[in-house]
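Coordinate inspection notes
What follows is the residue order along each chain.
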Amino acid sequence: MKQLTLAVVLGLAAAAGVAQARDNIEIVGSSTVYPFSTAVAEQFAKKTGMAAPKVESTGTGGGMKLFCAGAGVETPDITNASRRMKKSEMDACIKNGVTEVTEVKVGFDGIAVANAKSAPAIPLSRRELYLALAKDVPTGPNGELQPNTYTTWKQVNPSLPDTKIVVMGPPPTSGTRDALAELGLSKGCALFKGMPEMKKADKKAYEKACTTVREDGHYIEMGENDNLIVQKLQADPQAVGIFGYSFLEQNMDTLKAATIDGKEISYEAISNGSYPLSRLLFFYVKNSHVGQVAGIKEFIAEFTSEEALGRDGYLADKGLVALPDNQKAETVASANALKPVSVSELK
């Protein structure tokens, strides 16, 4: 009987160990959402006394791969994203046993195209952005796609500075890169003769033609570290950088942003959608880890609190553009209820 009792006690102890398999939250994903997530992590630890979450900047795509690799507690609990999760990513999650994922809208952000304050202004259209950054552009006699030979901004548009095109930006794993391709390059490409027809006839060919970034040294991938881009711009007045609005706002004393299609980047322009390179930010929660890892519900509650997400919240001080009140109320309710996202909602 004593042996049986001991076995039961040991079994319960083991079960408790599984139930609370890790005492700190692990977060991966977007470099754009990273500063917001770390600010929330600090407040969460301060208010709850729990271990501070570990937040890593892996890029949106890289974060999704880590997050969807499996359901075990050796995988991340949360992934940040500067674009919405793709259907293919959710399919990978489900295949690996991650069947319930909660989507949380954080707020809005804009993609800044910026350079040093001491450098000439570079007002850009999305057409010019595409011509400067795309691997292939319509420069043939009949508008057919050929390798990009533009080396200066003046070649792209005679009214722009006669300086070398040097653009530092995110890698393919970044949600910022995805958003740049979708909101910037693709829209600029669509203005050229024959491209809308290509999109209708063969969407994959269109996306390849319009969103593949040049690899000849004029676009420099800087990894998942937007702060590094900011530092490089401060050191090189000739260069242009691409990163989230929050990083621009934190460095307004040394950097200035290009207008895009005549629109200046600002809190209001991002909020009302008039700035062309505006996008939603998210984080995703692995529901099966709630209860296994300490503090996930409390972290969600802190991130979605008015103190954090409100227009006057501490995340606004870091450059986050708040959701409209009705949208915020909806996302807060679904986040705290751990409402799983439906695969049918994703693209």
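Anything mentioned here points back to the structure above.
A few points on the structure. Just so it is clear, the model here is predicted, and its values are computed rather than measured.

Our next topic: the overall build of the protein chain. Per the secondary structure count, the protein chain includes 15 helices and 11 strands. In terms of overall dimensions, the protein chain is globule-like: its C-alpha atoms have a radius of gyration of 23 Å, near the 20 Å expected for 347 residues. On the principal axes, the C-alpha backbone points of the protein chain span a range of 90 × 45 × 35 Å. Counting the 347 residues in the protein chain, one finds 51% classified as buried. If you take every contact in the protein chain between residues at least 6 apart in sequence, the share linking residues at least 24 apart comes to 74%. Counting 38 positive and 40 negative side-chain charges, the protein chain places the averaged centre of each group 4 Å from the other.

What follows is about the side chain of R214. By the element assignment, R214 lies in the loop between helix 9 (203–211) and strand 8 (219–221). Here R214 falls in the buried class, since its relative accessible area comes to 3%. Within the local environment of R214, its side chain forms a polar contact with the backbone oxygen of Y150, the two atoms lying 2.7 Å apart. Beyond its immediate sequence surroundings of up to four residues, R214 is in contact with L131, A132, L133, A134, K135, N148, Y150, I165 and Y219.

Going residue by residue along strand 3 (residues 78–81), you find I78 and N80 tucked away on one face and T79 and A81 tucked away on the opposite face as well. Across 3 bridges, the pairing between strand 1 (residues 26–29) and strand 3 is parallel. Counted as the bridge partner of G29 is N80 from strand 3.

For the rest of this paragraph, the subject is the nonpolar core. Counting 57 residues, the largest nonpolar core has L133, W153 and F243 as its most contacted members. I27, I78, I296 and F303 belong to the second-largest nonpolar core, a separate cluster that totals 27 residues.

With that out of the way, let us pick up the packing of helix 2 (residues 34–48) against helix 13 (residues 296–303). Running from amino to carboxyl end, helix 2 crosses helix 13 at an angle of 115 degrees, the nearest separation of the two axes being 9 Å. For the pair helix 2 and helix 13, the crossing hand works out as right-handed. Along the contact surface, helix 2 presents F36, S37, V40, A41, Q43, F44, K47 and T48, while helix 13 presents E298, F299, E302 and F303. Split by residue class, the contact of helix 2 with helix 13 holds 6 nonpolar, 3 polar and 3 charged.

For the rest of this paragraph, the subject is the packing of aromatic side chains. Under the counting rule described, the total for this entry stands at 6 aromatic pairs. Ring centres of F44 and F299 lie 5.9 Å apart, and the angle between their planes is 75 degrees; this geometry places the pair in the edge-to-face category. You can see F44 sitting in helix 2 and its partner F299 sitting in helix 13, a full 255 residues away along the chain. The buried category is assigned to F44, whose relative accessible area is 1%. Taking the relative accessible area as the measure of exposure, F299 reaches 0% and is therefore buried. Seen from the ring of F67, K286 lies directly overhead, with NZ or CZ sitting 4.8 Å from the centre.

Bringing the pattern of salt bridges into the picture now. By the definition in use, this model includes 16 salt bridges. One salt bridge in this structure joins E56 and K54, with 4.0 Å as the shortest N-O distance. With a relative accessible area of 37%, E56 lands in the partly exposed category. Overall, the relative accessible area of 43% leaves K54 in the partly exposed class. One connected set of salt bridges, linked through shared partners, spans K47, E302 and E307.

Moving on, we come to the pairing of strand 1. In terms of strand pairing, strand 1 meets strand 2 (residues 54–55) through 2 bridges, oriented parallel. Bridge assignment links I27 to a residue of strand 2, and that residue is V55. Viewed along the sheet, the connection from strand 1 through helix 2 into strand 2 turns out right-handed.

What follows is about helix 7 (residues 175–189). Counted at 1.5 Å a residue, the expected span for helix 7 with its 15 residues is 21 Å, and the 20 Å between its end C-alpha atoms agrees. The largest bend in helix 7 comes to about 35 degrees, at A181. With 12 of 15 residues buried, helix 7 lies mostly within the body of the structure. Those residues of helix 7 that fall on the buried side of the exposure criterion are G175, T176, R177, A179, L180, A181, L183, G184, L185, S186, G188 and C189. Capping of helix 7 at its N-terminal end is provided by S174; its side-chain oxygen lies 3.0 Å from the backbone amide nitrogen of T176.

About the thresholds
- Residues numbered from 1 in each chain as written.
- Predicted model: local features only at pLDDT ≥ 70, side-chain atom pairs only at ≥ 80, totals over all residues.
- Heavy atoms only, no water.
- Helix = DSSP H or I, 4+ residues; strand = E, 2+ residues; numbered from the N terminus.
- Rg over C-alpha atoms; globule rule 2.2 N^0.38 Å.
- Buried < 20%, exposed > 50% of the residue type's maximum accessible area, 1.4 Å probe, protein only.
- Contact = heavy atoms within 4.5 Å.
- Lys, Arg positive; Asp, Glu negative; His and termini not counted.
- Charge placed at Lys NZ, Arg CZ, Asp CG, Glu CD.
- Polar contact = N/O pair within 3.5 Å; in protein donor to acceptor, adjacent residues only side chain to side chain.
- Pairing = 2+ DSSP bridges.
- Core = buried A, V, L, I, M, F, W, Y, C linked by side-chain atoms within 4.5 Å.
- Axes fitted to C-alpha atoms, helices over the stretch in contact; angles between N-to-C directions.
- Left-handed = near helix turned anticlockwise from the far one by under 90°.
- Nonpolar A, V, L, I, M, F, W, Y, C, P; charged D, E, K, R; others polar.
- Phe/Tyr/Trp six-rings, centres within 6.5 Å; stacked < 30°, edge-to-face > 60°.
- Lys NZ or Arg CZ within 6 Å of the ring centre and 35° of its normal.
- Salt bridge = Lys/Arg side-chain N within 4 Å of Asp/Glu carboxyl O.
- Right-handed = clockwise from strand over helix to strand, strands pointing away.
- Expected span 1.5 Å × (residues − 1).
- Bend = angle between axes of the 7 residues up to and from the residue.

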